Amino acid sequence: MDYEASERFMSYLAPRETLRWAGRPQQGLMLRPSDAYMIPFSLLWCGFAIFWESLAVSGGAPLFFALWGVPFIAVGLYMVFGRFFYDAFLRSKTYYALTDRSAFILGGMKGDKLTTVDLKTLAELHLKLGSDGRGSIVFGPDNNRGFGNRYSVAPSPEFAGISDVNNVYSLIQQQRRGD
């Protein structure tokens, strides 16, 4: 159990609620399955935006057309590079905890957004194993498939990129069964 992570949740526990596990997602830059689609798309987007902008500037286009491409380049650069750093930043502010009643996710830009999942009323639970021994646990429908999931409004809460995923999944299953 991660001591730093467990300390963050002590004030959120109900009376007689017991902390069973606490941890954090994988830190640093990481690739996700959706990047198989996003990397080529972002390179095409950014490349075309730079091409457009260079033609507009070198061709002596009016100022409006020269400036028109700047937001597209900014979006392209974010998709190529920025999103990886933003994702790493968000994961650096994220902590997970599992109690005998609930799963907690503490995160967000300031690390102050708390998501609570009641394990007794949880309808769906998904385990996703990675090739590096890490994995993710999705609490609810697996809407986190990335590119192409047009029916999902928001992703389900998840413990993403945790190292002891099989152990945590077993603990959650025990809690759901009432063991």
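Let us look at the structure shown here. As the structure is a computational prediction, the values presented were derived from the model and not from experiment.

Cut-off values and rules
- Residues numbered from 1 in each chain as written.
- Predicted model: local features only at pLDDT ≥ 70, side-chain atom pairs only at ≥ 80, totals over all residues.
- Heavy atoms only, no water.
- Helix = DSSP H or I, 4+ residues; strand = E, 2+ residues; numbered from the N terminus.
- Rg over C-alpha atoms; globule rule 2.2 N^0.38 Å.
- Buried < 20%, exposed > 50% of the residue type's maximum accessible area, 1.4 Å probe, protein only.
- Contact = heavy atoms within 4.5 Å.
- Areas by Shrake-Rupley, 256 points an atom, 1.4 Å probe, with all protein chains shown as cover.
- Lys, Arg positive; Asp, Glu negative; His and termini not counted.
- Charge placed at Lys NZ, Arg CZ, Asp CG, Glu CD.
- Phe/Tyr/Trp six-rings, centres within 6.5 Å; stacked < 30°, edge-to-face > 60°.

On to the overall build of the chain. What the chain contains, in helices and strands, is 5 helices and 7 strands. Helices and strands appear in the chain in the N-to-C order α-β-α-α-α-β-β-β-β-β-β-α. Relative to the compact-globule value of 16 Å for 179 residues, the chain shows a C-alpha radius of gyration of 21 Å, a clear excess of over 25%. Overall, the C-alpha framework of the chain stretches about 70 × 30 × 30 Å when taken along its three principal axes. Within the chain, the proportion of its 179 residues that are buried is 38%. The contacts of the chain with a sequence gap of at least 6 include a subset with a gap of at least 24, amounting to 56%. Total accessible area computed for the chain in this model is approximately 10700 Å², and 62% of it derives from carbon and sulfur atoms. Positive and negative side-chain charges of the chain, numbering 18 and 16 respectively, have mean locations separated by a distance of 2 Å.

Evaluation of the coordinates by the stated rule reveals 11 aromatic pairs. Here the aromatic rings of Phe-64 and Trp-68 are separated by 5.6 Å at their centres, their planes lie at 40°, and the arrangement is tilted. Of this pair, Phe-64 and Trp-68 both sit in helix H3 (residues 63–68), separated by 4 residues, roughly a single helical turn. A network of ring pairs unites the aromatic residues Phe-41, Trp-45, Phe-64, Phe-65, Trp-68 and Phe-72 as a single cluster.

By themselves these figures say nothing about function.
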